[in-house]
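Structure at a glance
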Amino acid sequence: MKLLFVSATLEEIKPLMETFDFGEGENTRNGHDITILVTGVGMVSTAYSLGNILALRSFDMAINAGIAGSFQRYLEIGKVVKVIEDCFSELGAEDDSAFLSIDQMGFGRSCETSIACETLETLTPHLQTVSAITVNKVHGNDESIQSTVERINPGIESMEGAAFFYACRFNELPCLQIRAISNYIERRNRESWNIPLAVASLNYELIALLNKIV
Ligand SMILES: O=C(O)c1cccc(C(=O)CC[C@H]2O[C@@H](n3cnc4c(=O)[nH]cnc43)[C@H](O)[C@@H]2O)c1
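Just so you know, these numbers come straight off a predicted model, no measurement behind them.

Further remarks concern the packing of aromatic side chains. Scanning all chains against the criterion turns up 4 aromatic pairs. Relative to Phe22, the ring of Phe20 has its centre 5.4 Å away and its plane inclined at 20°; by these criteria the two rings are stacked. Overall, Phe20 belongs to the buried group, its relative accessible area being 12%. Judged by its relative accessible area of 8%, Phe22 is buried. Relative to Phe170, the ring of Tyr166 lies with its centre 4.7 Å away and its plane at 35°, an arrangement referred to as tilted. Note that Tyr166 and Phe170 are positioned in helix H6 (residues 161–170) at a spacing of 4 residues, about one turn of the helix. According to the relative accessible area criterion, Tyr166 is partly exposed, its value standing at 39%. With a relative accessible area of 55%, Phe170 lands in the exposed category. Linked through ring pairs, Phe88, Tyr166 and Phe170 together constitute an aromatic cluster. Over the ring of Trp193 we find Arg190, and its NZ or CZ is 4.5 Å from the ring centre.

This is the structure we're talking about:
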């Protein structure tokens, strides 16, 4: 089994790495290859890093693990969710006050979905499924939040997820994106974020998952 873990920052995946004594790059566990890829924050660095590694190596499955902001108050801070659809919500054109997605412009598709595989599905039935958007600019303004909710009504927001799904689709790589909620999408209020709780719950799930896979 060749498994790829992808995370934007080292902090988000460090507890998993410490638990199994993994470093960035290639590791082994029980005869299986486990690769840790830390891409940097954002869709450009994620696409670039994944494009590089997938051009050189093949994997059986990939897992994108990170924290995220939630548009939905029923998803409590610290909750771990599974993303099944993720859209590049800013990719398109303004048409006065309306927004034209890249699909509407005729240049491609704005939404990506996970490529399910039986192993990952069987091991994650307890995780709530959500839709997501991937952004360059984190929402932090009432007007833009309202506009995005009216247009897309996403569950959560990250800065990498759709780029991860995009690279997996082009490589026909089965994949899973799991995110832990660190904050709500609201007018910028950094004090209300709980990154330590989100990272702890995320890694609890990752460790349990990896123990079951290999
Ligand atoms: O200080 C900030 O405003 C800030 C905004 C977004 C993320 C951060 C981070 O330190 C974490 C990087 C990581 O977190 C994901 N993330 C977490 N919450 C959100 C969000 O509300 N909207 C978008 N992305 C979020 C993101 O995927 C980053 O890679 C600091």
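Turning next to the packing of helix H2 (residues 43–56) against H6. As a packed pair, H2 and H6 sit with axes 8 Å apart at the nearest point and diverge in direction by 25°. Regarding the angle of H2 to H6, the classification is roughly parallel. The element H2 and its partner H6 pack so that their crossing is right-handed. Across the interface between the two elements, Met43, Thr46, Ala47, Leu50 and Leu54 from H2 touch Ala163, Phe164 and Ala167 from H6. Here the contact of H2 with H6 is composed, by residue class, of 7 nonpolar, 1 polar and no charged.

Here 5 bridges tie strand S2 (residues 25–29) to strand S3 (residues 32–38), and the two strands are oriented antiparallel to one another. Each bridged residue has a counterpart across the sheet, and for Glu26 the counterpart in S3 is Thr35. In sequence, S2 turns back onto S3 through a hairpin of 2 residues, with Asn30 there showing a positive phi of about 50°.

Cut-off values and rules
Residues numbered from 1 in each chain as written. Predicted model: local features only at pLDDT ≥ 70, side-chain atom pairs only at ≥ 80, totals over all residues. Heavy atoms only, no water. Phe/Tyr/Trp six-rings, centres within 6.5 Å; stacked < 30°, edge-to-face > 60°. Buried < 20%, exposed > 50% of the residue type's maximum accessible area, 1.4 Å probe, protein only. Helix = DSSP H or I, 4+ residues; strand = E, 2+ residues; numbered from the N terminus. Lys NZ or Arg CZ within 6 Å of the ring centre and 35° of its normal. Axes fitted to C-alpha atoms, helices over the stretch in contact; angles between N-to-C directions. Parallel < 35°, antiparallel > 145°, perpendicular 65-115°, else oblique. Left-handed = near helix turned anticlockwise from the far one by under 90°. Contact = heavy atoms within 4.5 Å. Nonpolar A, V, L, I, M, F, W, Y, C, P; charged D, E, K, R; others polar. Pairing = 2+ DSSP bridges.

None of the figures reported here should be taken as evidence of function without further support.
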